[in-house]
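# Analysis of the macromolecular model
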There are 2 protein chains.
Amino acid sequence: MKLSVKSDYAARAVLWLSRHYQDGTARKVEEMGIAQGIPPKYLVQILIELKSKQIVKSVRGKEGGYLLARPPAEITLGDVIRAVEGEIFDSSAMTDPHCPTELRDGWRRVQRAVNEAADSLTFQQLLESSVEKEKMYYI
Amino acid sequence: MKLSVKSDYAARAVLWLSRHYQDGTARKVEEMGIAQGIPPKYLVQILIELKSKQIVKSVRGKEGGYLLARPPAEITLGDVIRAVEGEIFDSSAMTDPHCPTELRDGWRRVQRAVNEAADSLTFQQLLESSVEKEKMYYI
DNA sequence: GTCGCTTTTAACCGAGAGTTTCACGCGGCG
DNA sequence: CGCCGCGTGAAACTCTCGGTTAAAAGCGAC
């Protein structure tokens, strides 16, 4: 069970946009891609999916680019993952009739756990966790 | 993020062996495969991995087969998944230096959540959850 | 209007992992 | 010794992921 790079890329992009959320100005895909080590041509696809799920907005033309559709505090890690991947923690077991129901309940239980964990983590918190760390250095 | 069928198969196999744990007699892989809807030839490979992780034992020769290496109460869902897949919830983000540390901490957090969920679920509990359900019918 | 900059969309492709099957060697029980 | 079922490696097959290409279209400036 491994997380796709796509989800990681998406999260990086949103986190990066979160850092620039204050100024309310759009950022170009290319800039974002280079800054975060993401192939820009690939990043485009991801951003489009994020846009269709109302997580980011876009403006066209010169001085165009992307920006968050809502404040970082209202975007959770779960939102982003679900946007690019379907349901977090999918499994063929969920639909396979051969899978015993007891086991399916088990899978659902860990599924719920990962969902709760991902949904209780906003990008605002991620930002603050970084400044939290900087404070540590002052001690 | 999706669970491989392999993990599902492994869990089904262990659950099935758990049901027959009492009699302490070995069960053939063919029987198990057919009963659980798992390609027997594939199941063999899975069982070998489970055996190398001390989750099941095997006996050879006629009347040979597989049985649990320890009671169902001492086998967790996490044990089984880790046996056939490496670490549960792996991600390239964990090692990629381009991934911001704040985000990496986020990933680790959900990783911990899924690990705890999987480790706190023993096959004994899964078995009991099924009889639990039968009791529901008596109401 | 049109030129240059950007996003948007769809189609495409290579690589690699996951799944499944095959063939054959080996080990123990009767 | 002979049978039966585990043990193991490798071949074939499928499918998704990661990434690229190219064309279409919106927006602003001149």
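The following paragraphs examine the structure supplied in this document. Sequence positions are assigned chain by chain, starting from 1 and proceeding in written order. Labels follow written order: the first chain is A, the first ligand is 1, and so on. pLDDT decides what is reported in this predicted model: residues at 70 or higher carry local features, side-chain atom pairs at 80 or more are listed and counted, and totals for whole chains, interfaces and linings draw on all residues regardless. Values reported for side chains reflect all heavy atoms of the structure, with hydrogen atoms and water molecules removed beforehand.

### Thoughts on the relation of the copies chain A and chain B
In superposing the copies, a least-squares fit is computed on C-alpha atoms, taking residues whose pLDDT is at least 70 in both. Of the transformation superimposing chain A on chain B, the axial component is 0.0 Å and the angular component is 180 degrees, with the fit at an RMSD of 0.1 Å. The two molecules are tied by a two-fold rotation axis, judged by turn and shift. By C-alpha distance to the rotation axis, the residue of chain A lying nearest is Val114 of chain A, at 2.7 Å. Contacts are assigned to residue pairs that have any heavy atoms within 4.5 Å of one another. In this assembly, 100% of the residues forming the interface of chain A have copies in chain B that are likewise at the interface, indicating an isologous arrangement.

### A word on the protein's contact with DNA strand D
Near, as used in this document, describes a residue that has one of its heavy atoms within 4 Å of the molecule or strand being considered. Around DNA strand D, a shell composed of 22 residues is seen, among which Val5, Gln45 and Arg60 of chain A together with Arg60 and Tyr66 of chain B lie nearest. A 3.5 Å cut-off defines polar contacts: any pair of N or O atoms within that distance qualifies, except that in protein one atom must be a possible hydrogen donor and the other a possible acceptor, and neighbouring residues in sequence count only when both atoms are side-chain atoms. Within the side chain of Ser58 of chain B, one N or O atom sits 2.9 Å away from a phosphate oxygen of DNA strand D. In this structure, a sugar or linking oxygen belonging to DNA strand D sits 3.3 Å away from a side-chain N or O atom of Arg60 of chain B. Elements are defined by DSSP. Helices are runs of H or I of four residues or more, strands are runs of E of two residues or more, and each kind is numbered from the N terminus. Contributing elements (two or more residues each) for the surface near DNA strand D: helix H1 (5–19) and helix H3 (40–52) of chain A together with helix H3 (40–52) and strand E3 (65–68) of chain B. Broken down by element, the surface near DNA strand D gets its largest block of residues, 4 residues, from H3 of chain B. For the surface near DNA strand D, the per-class residue count stands at 8 nonpolar, 7 polar and 7 charged. Residue polarity follows a fixed list, in which Ala, Val, Leu, Ile, Met, Phe, Trp, Tyr, Cys and Pro are nonpolar, Asp, Glu, Lys and Arg are charged, and the others, Gly among them, are polar.

### A short note on the interface of chain A and chain B
In this assembly, 43 residues from chain A lie in contact with 43 residues from chain B. With both sides pooled, the region where chain A packs onto chain B buries about 3,900 Å², and carbon together with sulfur makes up 63% of that total. Defined here as a combined quantity, buried area equals the accessible surface (1.4 Å probe) lost by two parts on assembly, summed across both. A per-residue breakdown of the area chain A buries against chain B is headed by Met1, Leu3 and Glu102 of chain A, which together make up 21% of the total. By definition here, a salt bridge exists when the distance from a side-chain nitrogen of Lys or Arg to a carboxyl oxygen of Asp or Glu is within 4 Å. Inspection of the chain A/chain B interface yields 4 salt bridges. Taking the shortest distance from any N to any O, the salt bridge between Arg12 of chain A and Asp96 of chain B comes out at 3.0 Å. Counting every contact that joins chain A to chain B gives 14 residue pairs in polar contact (both at pLDDT 80 or more).

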